[in-house]
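Read off the chains here:
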Amino acid sequence: MKIAVINGSPKGQVSVTMQYARFLQLKFPRARFEYFDVAQKINKLEGDKKEFEKTIRRIKSANAVLWAFPLYFFLVSSQYKRFIELIFERRALAAFRGKPAAVLTTSINFFDSTAQIYMNGICDDLGMKYFGAYSAEMNDMHKSAERKRLAAFGELFLAAVRKNEPAHRNYPAVVAKRTAFQPGRPKPIKAGGKKVLIIADDIEKSANLKKMVKYLRESFSPAADLVQLKDIDIKGGCLGCMQCGMDNVCVYEGKDGFVDFFNNQVKAADILFFAGAVRDRYLSSSWKCFFDRSFFKGHTPALKGRQIGFVISGPLGQITNLREMMKAYIEMQSCNLIGFVSDDAGTSGQLSAALQNAAGRAVDFASRGYIQPPTFYSVGGGKIFRDAVYSRLRPVFQADHRYYKEHGFYNFPQKNYKWRLINNTLILLLKIPRVRREFLKRMKVEMTRHFDRYIKKPKQV
Ligand SMILES: Cc1cc2nc3c(=O)[nH]c(=O)nc-3n(C[C@H](O)[C@H](O)[C@H](O)COP(=O)(O)O)c2cc1C
């Protein structure tokens, strides 16, 4: 049995993910694993059609596919994303159709879930028999229980391939509606001294996006600035080398224009709009590259305090996962979400109104300095980063450690001595039946009593 391991790490074989794939190969020597370093070789695969076709032919000859990749910003790396785009662009779907597929990710468990949902959707779109996904925390291999678990997953997957188990689609096909946006004339809103920047990947690739961006620009007075990623000199995707971890200096610095663009233009804006068209189940790989390359800022909220909105052409309403990723990104950056405007909802009139409204809200929010309160995304995500940077990631991400220390990110509950004392005393007292009875009786009232100092009691009627 031949398994095509499609490797999503830009580091090629010297990658954490590939150690997990090799572990499976060693466990199951009767299956023959063939590795395809498509993320590392993306330039070759994109530039050389013959090389791409050769890769696809070899994948086609396999009995099953293992999509093995590291998490990069809620998803796969931009290089892997580009490979997926090429499969659709170059109509190579037949090599995948009907083939059993499994997903293996390595990460620090920060939004591994959204990446797996994305990949499940891609497998469904390719007509593959999706078996399931395995999320390995990058250091799991050191634990014998985790090695056992991974081996069990491998065994179950190989058995499913042997039995030619059927699979049903988890995510319905995304259907693009094509209604041409016919904008009216916007009424420009005074930006009140706020710097407004719209970043798009390439507005020429989508007629609607181009019109939406133009309308939004002109909804501000003075008109918002526009930068297109295609005009920035970006030599390539993030290499995952992590050299930036020490001092936030990217290996590409001085070699291409991304770092200057990010530091001097993106960070200089008070209000940002990210504009793009849906590509498969995300935005384009160029947009993904923007996020990945911003990794030189490590796990710090580099855009803290900005207002950020999204202008998206395409069936955003059918891809909740994309919305989730973007919302979580905004929160992790300590930014405020202006909202999403997409051409898949409503008429041209409604779309114009939504764009106009987004401009107005952006200025209002920015003037008030309003940032939404954190939700599960950043409360949960923040704890994952906090613990990782404090412990095993610290030697590599020293710049993060300095930032976290300076900005009070190390808010471990163990440090809350007052509550440790109260809790211990309470737990002890609650062992006394009479105290416990009284406690349970008064619990509801006591839970609201300490708010009394901020709130006037409503009059009893
Ligand atoms: C640019 C970049 C983005 C990352 N984004 C995430 C992420 O969103 N979630 C996560 O859990 N880990 C993230 N990681 C950590 C990697 O997924 C993790 O270290 C992985 O095991 C690396 O695998 P590799 O050596 O095979 O490339 C990121 C790492 C890099 C370099």
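Reading guide: rules and limits
- Residue numbers here run from 1 along each chain, matching the order of that chain's written sequence.
- Confidence filtering applies because this is a predicted model: local features only for residues at pLDDT of at least 70, side-chain atom pairs given and counted only at 80 or more, and all residues used for totals across whole chains, interfaces and linings.
- Just so you know, side-chain values use all the structure's heavy atoms and leave hydrogens and water out.
- Think of it this way: DSSP has to see at least two bridges between two strands before they count as a pair.
- Helix numbers and strand numbers start at the N terminus; a helix is a DSSP run of H or I with at least 4 residues, a strand a run of E with at least 2.
- For every element, the axis is a line fit to its C-alpha atoms; helices are fit only across the contacting stretch, and the angle between N-to-C directions ranges from 0 to 180 degrees.
- Throughout, a residue-residue contact means that at least one pair of heavy atoms, one from each residue, lies within 4.5 Å.
- What counts as a domain boundary in this text is fixed by an automatic or database domain assignment.
- What gets called buried area is simply the loss in accessible area from a 1.4 Å probe that two parts show on being joined, summed for both.
- Think of a salt bridge as a Lys or Arg side-chain nitrogen and an Asp or Glu carboxyl oxygen that are within 4 Å of each other.
- N or O atoms within 3.5 Å of each other form a polar contact, as long as, within protein, one can give a hydrogen and the other can take it, and as long as residues adjacent in sequence are counted only when both atoms are side-chain atoms.
- Left-handed is the label given to a crossing in which the near helix is rotated counterclockwise from the far helix by less than a right angle, and right-handed is the label when the rotation is clockwise.
- Any residue that is not Ala, Val, Leu, Ile, Met, Phe, Trp, Tyr, Cys, Pro, Asp, Glu, Lys or Arg is counted as polar, Gly included; the first ten are nonpolar and the last four charged.
- Any residue under 20% of the maximum accessible area for its type is buried, any over 50% is exposed, and the rest in between are partly exposed; the area is computed with a 1.4 Å probe on protein chains only.
- Note on definitions. A residue lies near a molecule or strand when any single heavy atom of the residue is within 4 Å of it.
- Per-residue accessibility takes into account occlusion by the displayed protein chains alone, with areas from the Shrake-Rupley method and a 1.4 Å probe.

Pairing is parallel in the open sheet, where 5 strands are placed in the order β9-β7-β10-β11-β12. Whereas interior strands pair on both sides, the edge strands pair on one side only; in this sheet they are β9 (225-228) and β12 (336-342). Ignoring which end each strand starts from, the neighbouring axes of this sheet average 20 degrees apart. Bridge analysis of strand β11 (residues 307-313) against β12 gives 6 bridges, and the strand direction is parallel. Following the sheet pairing, valine 311 is matched in β12 by valine 341. Against the sheet, helix α7 (residues 207-218) engages β7 (196-200), β9, β10 (271-277), β11 and β12, with an angle of about 145 degrees to β11. Sitting on the sheet, helix α9 (residues 285-293) touches β7 and β10, and the angle it makes with β10 is about 140 degrees.

With that settled, consider the domain arrangement of the protein chain. Interface size is commonly expressed as the accessible surface area that is lost when the partners come together. If you check the domain split of the protein chain, you get domain 1 (2-163), domain 2 (189-368) and domain 3 (417-449). Just the C-alpha atoms count here: the centres of domain 1 and domain 2 sit 29 Å apart. Taken together, the contact between domain 1 and domain 2 spans 23 residues of the former and 23 residues of the latter. The contact between domain 1 and domain 2 buries some 2000 Å² in all, and 61% of this surface belongs to carbon and sulfur atoms. In this structure, the connection of domain 1 to domain 2 is made through 4 salt bridges. The salt bridge involving arginine 281 is made with aspartate 125; its shortest N-O contact spans 2.8 Å. Applying the counting rule to domain 1 against domain 2 returns 14 residue pairs in polar contact (both at pLDDT 80 or more).

Turning to the packing of helix α12 (residues 376-390) against helix α13 (residues 398-406), a few remarks are in order. Packed helices, taken two at a time, are described by the angle their axes make and the gap between the axes. Relative orientation of the contacting elements α12 and α13 amounts to 115 degrees, with a least axis distance of 9 Å. Regarding α12 and α13, the two cross each other, and that crossing is left-handed. On α13, the residues that touch Phe385, Arg386 and Val389 of α12 are Asp400, His401 and Tyr404. Per-class residue counts for the contact of α12 with α13 are 3 nonpolar, 1 polar and 2 charged.

Another aspect to go through is the side chain of lysine 288. Summarising the element assignment, lysine 288 is placed in helix α9. Taking the relative accessible area as the measure of exposure, lysine 288 reaches 0% and is therefore buried. A polar contact of 2.6 Å, which involves the side chain of lysine 288, links it to the backbone oxygen of tyrosine 72. In this structure lysine 288 touches Tyr72, Phe73, Leu75, Val76, Ser77, Ser78 and Tyr282, once residues within four positions along its chain are discounted.

Turning our attention to the site of the ligand. The ligand sits among 19 residues. The nearest are Ser9, Thr17, Leu71, Thr106 and Phe110. Contacts to the ligand include phenylalanine 73, whose backbone N or O atom sits 2.9 Å from a nitrogen atom. Within the backbone of asparagine 109, a nitrogen or oxygen atom sits 3.3 Å from an oxygen atom of the ligand. Within the complex, the protein chains bury 94% of what would otherwise be the 640 Å² of accessible surface of the ligand. Mapped by element, the contributors of at least two residues to the shell around the ligand are α1 (16-27) and β4 (100-107).

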